Amino acid sequence: MKEDDPAVSERILLKLSGEILAGGAGHGIDQEITGKIARAILDLADAGCSVGVVTGGGNFIRGRDLRSTDRITGDQMGMLATLINGLALRDALRKHGGKATVLSSIPVEGIFETFTPEKAEEYLNRGYVVIYSGGTGNPCLTTDTAAALRAVQTGCSRLLKGTKVDGVYDSDPAQNPDAKRFDKLSYEDVLRLDLKVMDAAAIAICRDAGLPVSVFDIWNPENIIRIFKEPSTGSLIGGISND
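Along each chain, numbering runs from 1 in the same order as the chain's sequence is written. In keeping with the predicted nature of the model, local features appear solely for residues at pLDDT of at least 70, side-chain atom pairs appear and are counted solely at 80 or more, and the whole-chain, interface and lining totals rest on all residues. For side-chain calculations, the full set of non-hydrogen atoms in the structure is used, while hydrogens and water are omitted.

Caption draft 1: Structural detail: a nonpolar patch on the surface. Patch construction takes residues with relative accessible area above 30% that form no salt bridge. Like charges are linked within 9 Å, and nonpolar side chains (Val, Leu, Ile, Met, Phe, Trp, Tyr) are linked within 5 Å. Accessible areas in this description were obtained via Shrake-Rupley with a 1.4 Å probe; residue shielding takes into account the shown protein chains only. Any carboxyl oxygen of Asp or Glu within 4 Å of a side-chain nitrogen of Lys or Arg constitutes a salt bridge here. Where nonpolar side chains cluster on the molecular surface, the patch consists of I29, F60 and I84 and spans about 220 Å² of accessible area. With a 1.4 Å probe rolled over the protein chains alone, any residue whose accessible area is under 20% of its type maximum counts as buried; one over 50% counts as exposed, and the rest are partly exposed. I29 gets classed as partly exposed once you look at its relative accessible area, which sits at 31%.

Right, dumping it as structure tokens:
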């Protein structure tokens, strides 16, 4: 945020898939799409938000897909991939005039500062976009869980999760043309129906903290500011009555 920006009205955690940073290539970093995402994040900050970001690492590697590698090693490789994405996004944000930093859950001296809630709070209060990389720092937990955890640790009021589709469906809309889209659903609905929008650990963290999750189509980066202003453009998990 710039010095003359409006006062911060809300703290937001944005969860990005690693694939979006690859654009159409599906692998690596696409500078054009990463730049568009950076601009959209800065628009969110200019709207009065204090913004944290968690990225996946699927544009480089997914630990669960490395069948010839044991789970722990594969997940560690995936955590390192998120560090690369954090650097790429930080660079894009800075090139577009924003203040940004990366806090890593994994100590990497000389490149990153190590995450603590206190350090994140310091940067957020100074108007930085804070990128949380390295997942939770532990294997067997996804970056969705990292996003939920960081959102709760830093006092966010909403978690915005960017996906390949425009919300939560009862089945894969790419495979089932009759898939039903949910406008609103409870945390219990997601767990009971075994919907794959986030893993169960992430949903449980959000449920226990009462943290609403807005799920939206990230392939149009302008949807980042749109979902913040108009939650009905995506699917809302939590933040509703179960009556």
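Caption draft 2: Structural detail: helix α2 (residues 31-46). What counts as a helix is a DSSP run of H or I of at least four residues, what counts as a strand is a run of E of at least two, and both are numbered from the N terminus. What a helix should span is 1.5 Å times the count of its residues minus one. With 16 residues, α2 should cover 22 Å at 1.5 Å per step; its first-to-last C-alpha distance of 22 Å lies within 8% of that length. Of all the positions in α2, only I33, T34, G35, I37, A38, A40, I41, L42, L44 and A45 are classed as buried. Sitting at the head of α2, D30 places a side-chain oxygen 3.0 Å from the backbone nitrogen of E32. Note on α2: the residue one or two positions beyond its end, G48, has a positive phi of about 105°. Pairs of N or O atoms are called polar contacts if they sit within 3.5 Å, as long as, within protein, a hydrogen donor faces a hydrogen acceptor (for residues adjacent in sequence, only side-chain-to-side-chain pairs).

Caption draft 3: Region of the structure containing the side chain of R90. Relative to the assigned elements, R90 resides in helix α3 (residues 71-95). The positive count covers Lys and Arg only, the negative count covers Asp and Glu only, and His and the chain ends enter neither. Here R90 occupies a buried position and makes no salt bridge, while the nearest side chain of opposite charge, D91, is found at 6.7 Å. The criterion used for residue contact is that any of the two residues' heavy atoms lie within 4.5 Å. Among residues more than four places away in sequence, those in contact with R90 are A100, T101, V102, I111 and I131.

Caption draft 4: Spatial organisation of helix α5 (residues 143-153). Judged by how many residues are buried, α5 sits mostly within the fold: 8 of 11 residues are covered. At the N-terminal end of α5, a side-chain oxygen is found 3.2 Å from the backbone nitrogen of D144, two or three residues along, and the residue is T142. Remark: G155 follows α5 within two positions and exhibits a positive phi of approximately 70°.

Caption draft 5: Structural view of the pattern of salt bridges. If you walk through the whole model with that rule in mind, you get 14 salt bridges. Residue K119 is joined to E113 by a salt bridge in which the shortest nitrogen-to-oxygen separation is 3.2 Å. Given the relative accessible area of 29%, E113 is considered partly exposed. It is possible to trace a salt-bridge network through shared partners that takes in K15, D144 and K161.

That is the geometry; function is a separate question.
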